[in-house]
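Coordinate analysis (summary)
Residue strings, one per chain:
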Amino acid sequence: MIKKISSWVLVVLWSGIIFYFSSVPNLKISQFGFLDFVLRKAAHITEYVVLCIFYIRALKNTTKLSDKKIYLFSVIFSIVYAITDEIHQSFVPTRNCNIFDLFFDTVGVGLGKFVYKKILKNIDLIQKFL
């Protein structure tokens, strides 16, 4: 039971972290223009890799859905969250709703699914036998 609850707690906490950083006006990672651009796009990808993986784990721990459906729903939920996050940013001073950021978020979602399916899934199987 704790595993089920903690799985969804991670999804909620990570979503909250994404929301918090989206709420920060004038968010800059670096003072150098191009480096700031690269680091912010890398952050978009990374945060959605993690979110998608957390959704996969939560759905695996709390449903009896097939892996195919779990991956599909995890991708859909993550992209929907990315869309709502971009809309949220349009209400933050100096921030805006950016389709290119949504593109990088979606790349992160796809990468998260790939990383879980090809790497982390095998680790989960090992943990079940330990």
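Anything mentioned here points back to the structure above.
Below is a summary of the structure that appears in this document.

**Structural notes on the nonpolar core**
The biggest cluster of nonpolar side chains holds 18 residues, and the ones touching the most others in it are Val-11, Ile-18, Tyr-48, Leu-51, Ile-56, Tyr-81 and Tyr-116. Mapped by element, the contributors of at least two residues to this core are helix 1 (2-22), helix 2 (33-62), helix 3 (67-89) and helix 4 (99-129). Top element by residues in this core is helix 2. It accounts for nine residues. Beyond its immediate sequence surroundings of up to four residues, Tyr-81 is in contact with Ser-15, Ile-18, Phe-19, Tyr-48 and Leu-51.

**A closer look at the packing of helix 1 against helix 3**
In contact at an axis separation of 10 Å, helix 1 and helix 3 are set at 25° when each is read in the N-to-C sense. Comparing their axes, helix 3 and helix 1 come out roughly parallel. Once helix 1 is placed against helix 3, the crossing between them reads as right-handed. Of helix 3, the residues touching helix 1 (which contributes Ser-15, Ile-18, Phe-19 and Ser-22) are Tyr-81, Asp-85, His-88 and Gln-89. Looking at the contact of helix 1 with helix 3 residue by residue, the class counts come to three nonpolar, four polar and one charged.

**Overview of the packing of aromatic side chains**
Inspection of every chain in the model, using the stated rule, returns eight aromatic pairs. Summarising the aromatic geometry, the rings of Tyr-55 and Phe-77 are spaced 5.5 Å apart at their centres and angled 55° between planes, so their arrangement reads as tilted. A residue pair is termed long-range when its members are at least 10 positions apart, and Tyr-55 in helix 2 and Phe-77 in helix 3 qualify at 22 residues. On the accessibility criterion, Tyr-55 (11% relative accessible area) is buried. For Phe-77, a relative accessible area of 35% corresponds to the partly exposed category. For the pair Phe-73 and Phe-77, a centre-to-centre distance of 6.0 Å together with 15° between the ring planes defines the contact as stacked. Remark: Phe-77 and Phe-73 occur in helix 3; sequence separation between them is four residues, near one turn of the helix.

**Focus on a nonpolar patch on the surface**
Taken together, the side chains of Leu-65, Leu-72, Phe-73, Ile-76, Phe-77 and Val-80 define a hydrophobic patch exposed on the protein surface, amounting to about 470 Å² of accessible area. Tracing the backbone shows Leu-72 in helix 3. Accessibility expressed as a relative area gives 47% for Leu-72, which makes it partly exposed.

Quick notes on the rules
Residues numbered from 1 in each chain as written. Predicted model: local features only at pLDDT ≥ 70, side-chain atom pairs only at ≥ 80, totals over all residues. Heavy atoms only, no water. Core = buried A, V, L, I, M, F, W, Y, C linked by side-chain atoms within 4.5 Å. Buried < 20%, exposed > 50% of the residue type's maximum accessible area, 1.4 Å probe, protein only. Helix = DSSP H or I, 4+ residues; strand = E, 2+ residues; numbered from the N terminus. Contact = heavy atoms within 4.5 Å. Axes fitted to C-alpha atoms, helices over the stretch in contact; angles between N-to-C directions. Parallel < 35°, antiparallel > 145°, perpendicular 65-115°, else oblique. Left-handed = near helix turned anticlockwise from the far one by under 90°. Nonpolar A, V, L, I, M, F, W, Y, C, P; charged D, E, K, R; others polar. Phe/Tyr/Trp six-rings, centres within 6.5 Å; stacked < 30°, edge-to-face > 60°. Patch = residues over 30% accessible without salt bridge, like charges linked within 9 Å, V, L, I, M, F, W, Y side chains within 5 Å. Areas by Shrake-Rupley, 256 points an atom, 1.4 Å probe, with all protein chains shown as cover. Salt bridge = Lys/Arg side-chain N within 4 Å of Asp/Glu carboxyl O.

Just distances and angles here, no functional claims.
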